[in-house]
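Chain residues, written in single-letter form:
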Amino acid sequence: MIQGMLFSSPSEPSGASAPTAAGERAATLRSAIAAHDHRYYVLDAPTVSDAEYDALYRELQQLEAQHPELITPDSPTQRVGGRPLPEFPAVRHTVPMLSIRTETDTEASGARTFDARVRRELGLTESDPPIAYLAELKFDGLAVSLRYEAGVLVQGATRGDGETGEDITQNIRTVRAIPLRLNSGDAPPPAMIEIRGEVYMRRADFERLNDRQRAAGEKTFVNPRNSAAGSLRQLDSNITAKRPLSFFAYGLGEVTGWKLPETHGEVLDALERFGLPVDKHRRRVLGAEELIAFHQKIAELRDALPFDIDGVVYKADSLALQQRLGFVTREPRWAVAHKYPAQEQFTTVQHIDVQVGRTGRLTPVAKLAPVFVGGVTVTNATLHNEDEIRRKDVRIGDTVIVRRAGDVIPEIVAVVAERRPEDACAFEMPRQCPVCGSAVIREEGEVDAYCSGELFCPSQRKQALLHFAGRRAMDIEGLGDKIIEQLVDKAMVQSAADLYRLTQNDFAGLDRMAEKSAANLCAALEKSKTTTLDRFIFALGVRHVGEATARDLARHFGSLEALMNADHDALTGISEIGGVMAESILSFFSEPRNRNVIAALRTAGIHWPEVAAAATGPLTGLTFVLTGTLPTMSRDEADRRIVDAGGKVTGSVSKKTSYVLAGDAPGSTLAKAQALRIPVLDEAALLHMIEQPVSKNAQATS
Ligand code: IVH
């Protein structure tokens with residue numbers, strides 16, 4: 001609707017010459033840009049491209065430059081631009097910004113304690129109906145209060161000590177999710193309304209900001225919360241404007257000239273209609289049991305949220321009940337925060353170990369004083385490589401912040417510089433492999449250091465065997481790290497081929513190995529002898545050859561011999577194989593030791609059905625992506641027909657895609673293909689392409 005009025009072509013009279021028309025145009029542009037901002041920053045559902053948006057913005061800027069009298073405080077061009085402040089003026093909160101009591105009890109009891117307390121305060125008995133609560137997320141950012149007068153944002157303030165905060169209006173105005181004017185529809189806006197909420201930073205925005213800071217050689221931030229806090233505290237709002245801040249509203253302060261609804265839930269709905277971002281996970285629930293269910297559901301969602309939360313908040317939904325419950329000192333009786341285990345904790349680095357992986361890569365690992373974080377006790381954190389240690393400047397003895405979110409491997413976020421002991425000791429990458437003593441090599445321009453011992457190194461051997469036996473490789477069930485560890489340490493196994501020489505007796509002699517498990521292991525080894533070529537190639541553990549590449553190689557060459565005899569050109573002739581990968585494959589197969597192990601494995605009886613090498617045909621050299629339901633063929637069938645005709649099928653559209661084969665109800669693939677101008681075929685057109693040579697012949701003979 002708004003758009004229809006907007007996209008006047010540049011040749012159309014913009015009305016800039018007549019002040020009233022210019023004024024109208026400026027107002028139209030202002031509300032259109034505000035609506036686009038709302039769709040982009042609040043609803044996460046933009047309806048125009050960046051270029052279209054920029055065009056509107058520029059037009060408004062030009063109009064305002066020609067007619068400065070048209071500039072209004074709520075104009076989107078006025079979000080940035082104030083001079084740096086010498087300091088933030090103080091702001092007194094007429095309605096104090098309170099904190100909420102935190103229920104630290106775990107799981108169910110926290111919600112029950114809160115509900116029981118509320119019921120007791122209200123003099124309710126068991127026969128009374130359950131209380132309605134509004135359950136919300138507890139956002140991990142900074143509390144702010146936004147003051148709108150007659151619908152226009154006039155002030156933004158921090159919480160401070162709850163009574164007096166700092167005036168950060170200039171900075172608040174740069175947060176694009178915060179409307180400069182409330183959208184009250186046809187109704188008049190509240191005479192004055194203070195909206196309380198949390199300024200925060202999304203995790204992805206935080207990562208991008210840190211990348212940018214790093215690239216510019218500037219200081220990085222420890223976590224999204226600190227990053228949001230640091231950004232809001234800038235005296236120069238031009239800096240804040242460059243920080244990707246977000247906002248969620250969760251309550252009210254002082255309000256005049258607006259009829260309050262009856263419940264907190266309705267207040268949040270009203271704020272949402274005003275155009276403020278209000279988190280969609282909020283739920284009205286009844287009684288303690290539903291609070292518990294909410295707590296659990298959000299705990300499961302926590303890691304998948306795009307922003308950090310540190311818990312959930314329960315609030316009595318009825319504003320009348322809130323009033324009756326009142327406050328104890330500085331905390332309301334009607335609300336409680338129920339926290340989740342912290343995902344960050346302080347601990348100390350006791351020493352730094354070096355682990356040797358399958359490919360010989362050395363990974364430094366920090367050994368930490370045990371600390372409970374993210375719901376488990378953590379004693380190790382990977383430090384990735386030497387450069388990473390230098391970048392974070394982690395030293396042995398340091399106090400550090402460790403983070404563990406979800407199932408992600410714990411990591412050291414930052415060092416607490418003030419707590420560095422005098423004898424803190426910098427890490428040096430060893431020159432010799434800590435496991436086998438071979439030389440450590442770090443190639444120029446590479447971040448990783450490698451042990452040069454290859455399969456002489458017991459650690460590499462163990463990892464290589466573990467990889468060989470893995471579920472997606474030879475799938476030898478029951479052959480795990482504990483057993484491999486013993487087999488290598490007792491020198492029972494040098495290479496993968498030796499595994500197949502072991503007997504049940506050999507296994508039975510190992511620690512913690514029952515008779516039955518030994519028999520099972522023998523059976524699993526026997527079973528693994530029948531495999532597929534791609535699994536076997538993957539199992540060999542050639543550097544850079546993952547599962548997908550192993551599949552490409554198997555499909556392309558059809559036999560192990562053909563792969564082993566392939567030269568550089570033959571390898572790089574496959575579109576997925578680059579120079580580095582080709583070199584790695586060539587060097588692996590030129591190594592006599594590797595050839596011997598392969599021969600021994602085949603002698604041991606490892607075999608696979610021969611696969612036909614990729615066909616050549618009318619579709620040779622063409623890459624297809626399938627989307628939607630085809631009229632007669634299943635996807636598998638279409639896939640097979642394309643491959644049989646020499647073509648290739650990949651999962652997603654890129655510039656390299658030759659055609660998209662689209663059926664009914666195609667996904668976003670189709671839109672992407674159109675955007676990249678990749679030709680789209682239907683089933684009939686594909687069949688025609690496959691049969692083309694036949695029809696050509698038919699024509700020739702007729
Ligand atoms: S309500 C009177 N709701 O948690 C109740 N606070 O101590 C006032 N917070 O720093 C707070 N998410 O900024 C409320 N959904 C939410 C919240 C929330 C985060 C923060 C708030 C304050 C602290 C409460």
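Check the entry above for the structure.
Below or above, wherever it landed, is the structure these notes cover. For clarity, every value in this text was computed on a predicted model and none was experimentally measured.

## With respect to the overall build of the chain
Here comes step 1: Check the secondary structure of the chain and you find 26 helices and 24 strands.
Here comes step 2: Overall, the C-alpha framework of the chain stretches about 90 × 80 × 60 Å when taken along its three principal axes.
Here comes step 3: Burial statistics for the chain: of 702 residues in total, 46% are counted as buried.
Here comes step 4: Partitioning the intrachain contacts of the chain with sequence separation of at least 6 by distance along the chain shows that 66% fall at a separation of at least 24.

## Focus on the site of the ligand
Here comes step 1: Contacts to the ligand come from 14 residues, most closely from Ile100, Glu136, Leu137, Glu198 and Tyr250.
Here comes step 2: In the environment of the ligand, a nitrogen atom lies 2.8 Å from a nitrogen or oxygen atom belonging to the side chain of glutamate 136.
Here comes step 3: A distance of 3.3 Å separates an oxygen atom of the ligand from a polar atom in the side chain of lysine 138.
Here comes step 4: Those elements that provide at least two residues to the shell around the ligand are strand S3 (132-139) and strand S10 (309-316).

## Focus on the sheet that holds strand S23 (residues 659-662)
Here comes step 1: Strand order in the open sheet formed by four strands is S22-S21-S23-S24, with parallel pairing between adjacent strands. Looking along the sheet, the strands with just one partner apiece sit at the ends: strand S22 (648-650) and strand S24 (680-681).
Here comes step 2: As defined by bridge partners, strand S21 (residues 623-627) adjoins S23 across four bridges and the pair is classed as parallel. Across the sheet, residue leucine 626 finds its bridge partner in S23, namely leucine 661.
Here comes step 3: Seen against the sheet, helix H24 (residues 635-644) touches S21, S22 and S23 and runs at an angle of roughly 170 degrees to S21.

## Considerations on helix H6 (residues 203-215)
Here comes step 1: Over its 13 residues, H6 runs 18 Å from end to end, which matches the ideal 18 Å to within 8%, given 1.5 Å per residue.
Here comes step 2: Among the residues making up H6, those that are buried are Asp205, Phe206, Leu209, Asn210 and Gln213. In a view along the axis of H6, the buried residues occupy a sector of 135 degrees, so they form one face of it. Facing away from the buried side of H6 by more than 90 degrees, the exposed set consists of Arg208 and Ala215.

## Details of unusual backbone geometry
Here comes step 1: Positioned with a positive phi, arginine 512 is a non-glycine residue whose angle comes to about 55 degrees.
Here comes step 2: Looking at the element boundaries, arginine 512 is found in the loop between helix H16 (504-508) and helix H17 (515-528).
Here comes step 3: Arginine 512 gets classed as exposed once you look at its relative accessible area, which sits at 76%.
Here comes step 4: Phi angles above zero are rare outside glycine, and arginine 677 is one such case at about 55 degrees.
Here comes step 5: Mapped onto the secondary structure, arginine 677 falls in the loop between helix H25 (668-675) and S24.

## What about the sheet that holds strand S13 (residues 335-339)?
Here comes step 1: The strand order across the open sheet built from five strands is S2-S13-S10-S3-S9, with neighbouring strands paired in mixed fashion. Among the strands making up the open sheet, the edge pair consists of strand S2 (102-103) and strand S9 (283-286).
Here comes step 2: Both S2 and S13 contribute to a ladder of two bridges, which runs parallel. Of the residues in S13, the one forming a bridge with glutamate 103 is histidine 338.
Here comes step 3: The sheet contacts of helix H9 (residues 264-274) involve S3 and S10, and relative to S3 the element is tilted by about 50 degrees.
Here comes step 4: Contacting S3, S9, S10 and S13, helix H10 (residues 287-301) runs over the sheet at an angle of about 140 degrees to S9.

## As for the packing of helix H22 (residues 579-590) against helix H23 (residues 592-603)
Here comes step 1: Direction vectors running N to C along H22 and H23 enclose 70 degrees, while the axes themselves pass 5 Å from each other. Taken together, H22 and H23 sit at an angle that is classed as roughly perpendicular. Here H22 contributes Phe588, Phe589 and Ser590 to the contact with H23, which in turn contributes Pro592, Asn594, Arg595 and Ile598.
Here comes step 2: When its residues are assigned to classes, the contact of H22 with H23 shows four nonpolar, two polar and one charged.

## A word on the pattern of salt bridges
Here comes step 1: Under the counting rule described, the total for this entry stands at 43 salt bridges.
Here comes step 2: The shortest N-O distance in the salt bridge between arginine 117 and glutamate 103 comes to 3.7 Å. Linking arginine 117 in helix H4 (residues 107-121) with glutamate 103 in strand S2, this pair joins segments that are 14 residues apart in sequence.
Here comes step 3: On the accessibility criterion, glutamate 103 (7% relative accessible area) is buried.
Here comes step 4: Notably, a salt bridge pairs glutamate 576 with lysine 648, separated by 2.1 Å at the nearest N-O pair.

Reading the values: the criteria
- Residues numbered from 1 in each chain as written.
- Predicted model: local features only at pLDDT ≥ 70, side-chain atom pairs only at ≥ 80, totals over all residues.
- Heavy atoms only, no water.
- Helix = DSSP H or I, 4+ residues; strand = E, 2+ residues; numbered from the N terminus.
- Buried < 20%, exposed > 50% of the residue type's maximum accessible area, 1.4 Å probe, protein only.
- Contact = heavy atoms within 4.5 Å.
- Near = heavy atom within 4 Å.
- Polar contact = N/O pair within 3.5 Å; in protein donor to acceptor, adjacent residues only side chain to side chain.
- Pairing = 2+ DSSP bridges.
- Axes fitted to C-alpha atoms, helices over the stretch in contact; angles between N-to-C directions.
- Expected span 1.5 Å × (residues − 1).
- Arc of directions from axis to C-beta.
- Parallel < 35°, antiparallel > 145°, perpendicular 65-115°, else oblique.
- Nonpolar A, V, L, I, M, F, W, Y, C, P; charged D, E, K, R; others polar.
- Salt bridge = Lys/Arg side-chain N within 4 Å of Asp/Glu carboxyl O.

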